[in-house]
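Fold and geometry: a report
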Amino acid sequence: MRWLFALGSMQNPSAHENTDLQPRVPHEEQNYGATAARVRRGPQVPVSRNSPAKRDYLIVGVLCYANLINFMDWFIVPGILLDIQKYFELRDEGAGLLQTVFILCYMLAAPFFGYLGDRYNRKVILGAGIFFWSAVTLGTSFISESYCWIFFLSRGLVGIGTASYSTVAPTIIADRFDEGKRTTMLSVFYICIPVGSGLGYVLASSMAHVTGDWHWAFRVTPCMGGLALVLLILLVPRRVQRRTEAHRALSIHGSSRVAAEKPGAQGDAKTSWCQDITSLGKKMKVLEPPPLNCWKEAEVALLYWLHKQLKSTPSWSFVWSSLGLTAMAFVTGALGLWVPMFLYRAQVALGIVQQCLEKSCNSSNSLIFGGITIGTGILGVIAGAEAARRLRKTNSRADPLICATSMFVSSLCLYVAIMVAQKNILSTFIFIAFGELFLSVNWAVVTDILLYVVTPRRQSTAIALQILASHLLGDAGSPYLIGMISSAIQAKKDQSFQWSFCSLQYSFIICVFVGVFGGVFFLLTSFYIEEDRKEAEQL
């Protein structure tokens, strides 16, 4: 994290002193993003840029640290899945259900926290979420084998706690920086996804190996969560200025303009959650419903309002990019849970290792896969952000095209990895690494697409809806689906390790097809991104 503080020390000293919660420039002259929003009738006025204060970088550091812990908690279970499966005597189907329960609760809670994040104090929401998921994770470490259902329940509760963080934290970062630095800071934030995931594998397998008891893997991150809560209280302001008058929309030419709002403009007007949801499916043209209570009045009034809403054109870039993210989530969810188990079964089938009959099993695959996840995650996110920054200057559709290309290449690498596992484990590790590398390219780029096609006062809701959709159709079901297919294939023949490996190998093929579909969705996004960005700039 040293380079973050180095960046902060390079700013104007006067910017360092401004650590209060007031906007640094007059309300009507704020510029957030490469191009500020333009109100249709307002004259354009020049705006000077202000460098982010040192406190802004400290806030990003705190949020990144908490995000790291967030994803470490996600992947503790995959890191010791073999131990847990033996402890609770679970089949592949039941083992896959563990991650599915976690993500289902996570995605169902996300819209609720998105609603709260758009309307209430975001620091309080973050603090409550960190405390809740840390406490539940600690409680998980004391569950015995006779209470398997409580273990499933605890994973669901942890998913609810982490949802409060993932929907709110990116919007705070977006509110602190303009377009150029916003992409960089979001890239740093999303590097914590693969790094935290990899550390989750490493932590879980290391603690199980050192202590001889997998329960200890759940007793480290709660302590780290307590430190994150203290840092959040001390360093993050109670209120972070929301930048709604000037929309942080991207401009390909990097021009800087802002509108002087017409007296009485409703740029800051609060809207209902139903209106937020509706506007995300339109090109930001929110039509007011008739002055009737849509929940109690006549059915004719509701149908009339829906008829008016449907006259607007859908914001297809938001829709297609969300579907592309869904495909990414499907693949990463399946790989994240099952790759260490897949590698273990391949090694047993090839005679490289012996079948584990002890209480604590060999954790080398989780350690290696965790290291691969960390390395490819850092490199992929940085490469994706840098490629987007450079290519945007010459191609206005660069972001979705980068995502599409990386999905196609990743799918090819994963297919090769699955096929060569029965012959050469080293080649499998190499191609899995390349597959994860190209998947990681997309994390920050996809989020940046959302941030410049959605108005700021609805971004928490937009992120929450994207989380809901991507997890509902993505990694909420993929771990369970892979396990279910594997169990069904195993049931067709007598139990053997060779056949259990083959069943998991055949199940993984579905990830390749889903990855290709994801690339197609991002290609479709590129057809609409320019038009939707221009629509967003007019708000």
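Residues numbered from 1 in each chain as written. Predicted model: local features only at pLDDT ≥ 70, side-chain atom pairs only at ≥ 80, totals over all residues. Heavy atoms only, no water.

Moving on, we get to the overall build of the protein. Helix and strand content of the protein: 22 helices and two strands. Counting across all 539 residues of the protein, residues that qualify as buried make up 57%. (Helix = DSSP H or I, 4+ residues; strand = E, 2+ residues; numbered from the N terminus. Buried < 20%, exposed > 50% of the residue type's maximum accessible area, 1.4 Å probe, protein only.)

What follows covers the pattern of salt bridges. For the coordinates displayed, the defined rule picks out eight salt bridges. Between Arg-176 and Asp-56 there is a salt bridge; the shortest N-O distance is 2.5 Å. With Arg-176 in helix H9 (residues 169-176) and Asp-56 in helix H3 (residues 54-74), this residue pair connects regions lying 120 residues apart in the sequence. Take Arg-176 and Asp-56: they sit in the same class, and that class is buried. Note that Arg-122 and Asp-175 form a salt bridge whose closest N and O atoms lie 3.0 Å from each other. Taken together, the residues Arg-122 in helix H7 (residues 122-140) and Asp-175 in helix H9 connect sequence positions 53 residues apart. Within this structure, Glu-386, Arg-389 and Arg-390 form a network of salt bridges that share partners. (Salt bridge = Lys/Arg side-chain N within 4 Å of Asp/Glu carboxyl O.)

Another point: the packing of aromatic side chains. When we look at a pair of aromatic rings, we describe it by the centre distance and by the angle of the planes. With the rule as written, the count across this model stands at 23 aromatic pairs. Ring centres of Tyr-57 and Phe-177 lie 5.6 Å apart, and the angle between their planes is 55°; this geometry places the pair in the tilted category. Residue Tyr-57 is found in helix H3, and its partner Phe-177 is found in the loop between H9 and helix H10 (179-211); the two are separated by 120 residues along the sequence. Each member of the pair, Tyr-57 together with Phe-177, is buried. Ring centres 6.3 Å apart and planes at 40° place the aromatic pair Trp-316 and Tyr-528 in the tilted group. Here Tyr-528 lies in the loop between helix H21 (497-526) and helix H22 (529-537) and Trp-316 lies in helix H14 (residues 316-350), a separation of 212 residues in the sequence. Grouping aromatic residues by their ring pairs yields a cluster made of Phe-71, Trp-74, Phe-75, Phe-102, Tyr-106, Tyr-201 and Phe-369. Lying across the ring of Trp-216, Arg-219 places its NZ or CZ 4.5 Å from the centre. (Phe/Tyr/Trp six-rings, centres within 6.5 Å; stacked < 30°, edge-to-face > 60°. Lys NZ or Arg CZ within 6 Å of the ring centre and 35° of its normal.)

Mapped onto the elements of the fold, Ser-507 is located in helix H21. For Ser-507, a relative accessible area of 2% corresponds to the buried category. Here Ser-486 takes part through its backbone nitrogen, which lies 3.2 Å from a polar atom of the side chain of Ser-507. Residues contacting Ser-507, with those up to four places away along its chain left out, are Ile-482, Ile-485, Ser-486 and Ile-489. (Polar contact = N/O pair within 3.5 Å; in protein donor to acceptor, adjacent residues only side chain to side chain. Contact = heavy atoms within 4.5 Å.)

A separate point is the nonpolar core. Of all hydrophobic cores here, the largest spans 129 residues; its most connected members are Leu-63, Ile-80, Phe-151, Tyr-165, Trp-338 and Phe-508. No other element matches H14, which puts 17 residues into this core. Viewed by domain, this core spans two of them, domain 1 (52-240) and domain 2 (312-538), each represented by three or more residues. (Core = buried A, V, L, I, M, F, W, Y, C linked by side-chain atoms within 4.5 Å. Domains from an automatic or database assignment.)

Geometrically, a packed helix pair is captured by the angle between its two axes and the distance between the axes. Packing of helix H6 (residues 92-119) against helix H20 (residues 478-490) leaves a shortest axis separation of 7 Å and a crossing angle of 175°. Comparing the axis directions of H6 and H20 gives the class roughly antiparallel. Taken together, the residues of H20 that come into contact with H6 (itself represented by Asp-92, Glu-93, Gly-96, Leu-97, Gln-99 and Thr-100) are Pro-479, Tyr-480, Gly-483, Met-484, Ser-486, Ser-487 and Gln-490. Among the residues making up the contact of H6 with H20, the classes are represented as four nonpolar, seven polar and two charged. (Axes fitted to C-alpha atoms, helices over the stretch in contact; angles between N-to-C directions. Parallel < 35°, antiparallel > 145°, perpendicular 65-115°, else oblique. Nonpolar A, V, L, I, M, F, W, Y, C, P; charged D, E, K, R; others polar.)

On the surface, a cluster of nonpolar side chains totalling about 360 Å² of accessible area is made up of Val-230, Ile-233, Leu-234 and Leu-235. As for its placement among the helices and strands, Leu-234 is situated in helix H11 (residues 221-235). (Patch = residues over 30% accessible without salt bridge, like charges linked within 9 Å, V, L, I, M, F, W, Y side chains within 5 Å. Areas by Shrake-Rupley, 256 points an atom, 1.4 Å probe, with all protein chains shown as cover.)

The next point concerns unusual backbone geometry. Even without a glycine there, the phi angle at Glu-89 is positive, about 55°. Tracing the sequence through the fold places Glu-89 in the loop between helix H5 (81-87) and H6.

Following the sequence through the fold, Val-445 ends up in helix H18 (residues 443-453). For the pair formed by Val-445 and Glu-386, sequence separation is 59 residues and the distance between their alpha carbons is 9.8 Å. In this structure Val-445 touches Gly-384, Ala-385, Ala-388, Asp-399 and Cys-403, once residues within four positions along its chain are discounted.

Turning to its location among the elements, Ser-411 is positioned in helix H16 (residues 398-420). By relative accessible area, Ser-411 is classed as buried at 4%. Of the polar contacts made by the side chain of Ser-411, one reaches the backbone nitrogen of Val-516; its length is 3.3 Å. With residues up to four places along the chain from it excluded, the contact list for Ser-411 reads Val-512, Gly-515 and Val-516.

Between its first and last C-alpha atoms helix H8 (residues 148-166) spans 28 Å; for 19 residues at 1.5 Å apiece the expected length is 27 Å, and the two agree. Across the 19 residues of H8, 14 count as buried, placing the element largely inside the fold. (Expected span 1.5 Å × (residues − 1).)

Right, let's talk about the packing of H14 against H20 for a bit. It is the contact of H14 with H20, at a shortest axis distance of 7 Å, that shows an interaxial angle of 45°. As the angle between them shows, H14 and H20 are arranged oblique. Every residue of H20 that contacts H14 at Ala-329, Phe-330, Gly-333, Ala-334, Leu-337, Trp-338 and Arg-345 is listed here: Ser-478, Pro-479, Leu-481, Ile-482, Gly-483, Ser-486 and Gln-490. Tallied by class, residues from the contact of H14 with H20 come to eight nonpolar, five polar and one charged.

With that settled, the discussion passes to the environment of Ser-141. Within the fold, Ser-141 resides in the loop between H7 and H8. A residue is classified by how much of its surface remains accessible, and Ser-141, at 1% relative accessible area, is buried. Non-local contacts of Ser-141, meaning those with residues more than four positions away in its chain, are made with His-215, Phe-218 and Arg-219. Polar contacts involving the side chain of Ser-141 include one to the main-chain carbonyl oxygen of Leu-138, which spans 2.6 Å.

Per-residue pLDDT for the protein has a mean of 76; in total, 73% of the residues score no lower than 70. Here strand E2 (residues 258-259) stands out as the least confident element of the protein, with mean pLDDT 35; H16 is the most confident, with 94. Within the model, pLDDT remains below 50 along residues 244-269, and this stretch shows 91 contacts once partners closer than five positions in the same chain are excluded. In this model residues 292-313 is a low-confidence stretch, pLDDT under 50, and it forms 23 contacts with partners more than four residues away in sequence or in other chains. (pLDDT = per-residue confidence, 0-100.)

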